[in-house]
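What follows is the residue order along each chain.
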Amino acid sequence: ETRALCRAQEAAVLLRCDGVAAASGVTRDALLSEHPTLSPDLVSIVRPPHRFEAVAAPLPPRPVQLRPPRRDGGSQAGGLVVLLIVANLIPRKGVGGVLRVLAALRREGVVRWRLVVAGDSGADPAHASALRRLAASLGLEEGDGEAQVAWAGRLDGGALERAYCEADLFLLASGYENYCMAAQEAAFFGL
C-alpha cells in the first residue's frame, strides 16, 4: 500500500517536471522502466558530486506556473499565509536561518504569515531546543498572533497530509539533501 502511494506520488511529480536528474545510467533506466510515459529526453544523468553553482551557463528563465488557490484569496481567513517546513530538527536542515529571515520580514512589517514546523526533535534534542529558544528570542513564538511559529512535532499519515493541504508555501532550507522525500510530497500536494 505504501509502495503504491509512493509510486503514485512519484508519477504525479514527474508529470510536472521539465527535466529529471538521475544519479547513474542504472537509475535512469530503472526510472524509465517504472514510468514508461516519461520521455527519455527529459532524464539527464548527473553523477554525484555535482555542485550546481559551478554550472557554466545558467538555465534560461522560464515562467512559473502557480497552483490554483485552495481557499478564497489563496490563504487562510484574513489573508494569513501558511508556510510549511517538514524536516527533522537538525542543523543542516536550515530551520534557524528561516527563523532569522522571517524575523527580518516581520521587522519590515510583513506579518501576515504563520510558519508550521513539522519535524522530529529526537535526532538532535539540543538543537531542537535551541531552535525554540531562537524563535522565542526573535518574538516568533506561538500564541503571538500574526507572524508566529507553530511547532507541530513529527506528523504522520492524515496529520501530515492536512499540513500539506493547509499550507500555501513549502520551505526547503537544507544545506544539502541526498533525496528529499518532503520536497516530493510537497510537489505532490501542489506546493
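Quick notes on the rules
- Residues numbered from 1 in each chain as written.
- Predicted model: local features only at pLDDT ≥ 70, side-chain atom pairs only at ≥ 80, totals over all residues.
- Heavy atoms only, no water.
- Pairing = 2+ DSSP bridges.
- Helix = DSSP H or I, 4+ residues; strand = E, 2+ residues; numbered from the N terminus.
- Contact = heavy atoms within 4.5 Å.
- Axes fitted to C-alpha atoms, helices over the stretch in contact; angles between N-to-C directions.
- Phe/Tyr/Trp six-rings, centres within 6.5 Å; stacked < 30°, edge-to-face > 60°.
- Buried < 20%, exposed > 50% of the residue type's maximum accessible area, 1.4 Å probe, protein only.
- Expected span 1.5 Å × (residues − 1).
- Arc of directions from axis to C-beta.
- Salt bridge = Lys/Arg side-chain N within 4 Å of Asp/Glu carboxyl O.
- Right-handed = clockwise from strand over helix to strand, strands pointing away.
- Core = buried A, V, L, I, M, F, W, Y, C linked by side-chain atoms within 4.5 Å.

What to know about the sheet that holds strand β3 (residues 81-86)
- The four strands are arranged β5-β4-β3-β6 in an open sheet whose pairing can be described as parallel. Looking at which strands have only one partner, the edges of the open sheet turn out to be β5 (148-151) and β6 (169-170).
- Here strand β4 (residues 113-118) pairs with β5 via four bridges, running parallel. Residue pairing across strands places V117 opposite W151, the latter belonging to β5.
- Across the face of the sheet, helix α3 (residues 95-107) comes into contact with β3, β4 and β5 while running at roughly 170° to β4.

Digging into the packing of aromatic side chains
- Scanning all chains against the criterion turns up three aromatic pairs.
- Considering the side-chain rings of Y164 and F170, the 6.4 Å spacing of their centres and the 40° angle between planes classify their relative orientation as tilted.
- Judged by its relative accessible area of 15%, F170 is buried.
- Ring geometry for Y164 against F189: centres 5.2 Å apart, planes inclined by 5°, an arrangement best described as stacked. Of this pair, Y164 sits in helix α5 (residues 157-166) while F189 sits in the segment after α6 (181-188), placing them 25 residues apart in sequence.
- You can call Y164 buried: its relative accessible area is 1%.

Quick look at helix α1 (residues 2-15)
- Under the 1.5 Å per step criterion, the end-to-end length of α1 is 20 Å for 14 residues, consistent within 8% with the ideal 20 Å.
- Buried within α1 are the following residues: Q9, V13 and L14. The arc enclosing the buried residues of α1, seen along the axis, measures out at 130°, which places them on a common side. Of the residues in α1, the exposed ones pointing more than 90 degrees away from the buried face are A4 and L15.
- Against the buried residues of α1 lie β1 (20-22), α2 (25-34) and α6.

Side note on the pattern of salt bridges
- A full pass over the atoms with the stated rule returns two salt bridges.
- One salt bridge connects R28 with D29, and the closest N-O pair in it is separated by 3.9 Å.
- Residue R154 is joined to D156 by a salt bridge in which the shortest nitrogen-to-oxygen separation is 3.4 Å.
- Look at R154 and you get exposed, because its relative accessible area is 59%.

Considering the pairing of β3
- Summarising burial for β3: five of the six residues are buried, a large majority.
- Bridging between β3 and β4 involves six bridges; their strand directions are parallel. Bridged to V86 within β4 is A118.
- Since β3 and β4 lie parallel, the crossover through α3 that links them has a hand, and here it is right-handed.
- Of the pairings in the sheet, the one linking β3 to β6 comprises two bridges and is parallel in character. Note on β6: the bridge partner recorded for L83 is L169.

Here's the deal with the nonpolar core
- Ranked by size, the top nonpolar core spans 20 residues in total, and within it I85, L89, L99, L115, L140, V149 and W151 carry the most contacts.
- Mapped onto this core, the elements with two or more residues apiece are β3, α3, β4, α4 (125-137) and β5.
- With five residues, α3 is the single largest residue contributor to this core.
- Residue contacts for L89: discarding those within four places in its chain leaves V95, V117, G119, D120, S121, D124, H127, A128, L131 and W151.
- Y164, F170, C180 and A182 belong to the second largest nonpolar core, which has 15 residues in total.

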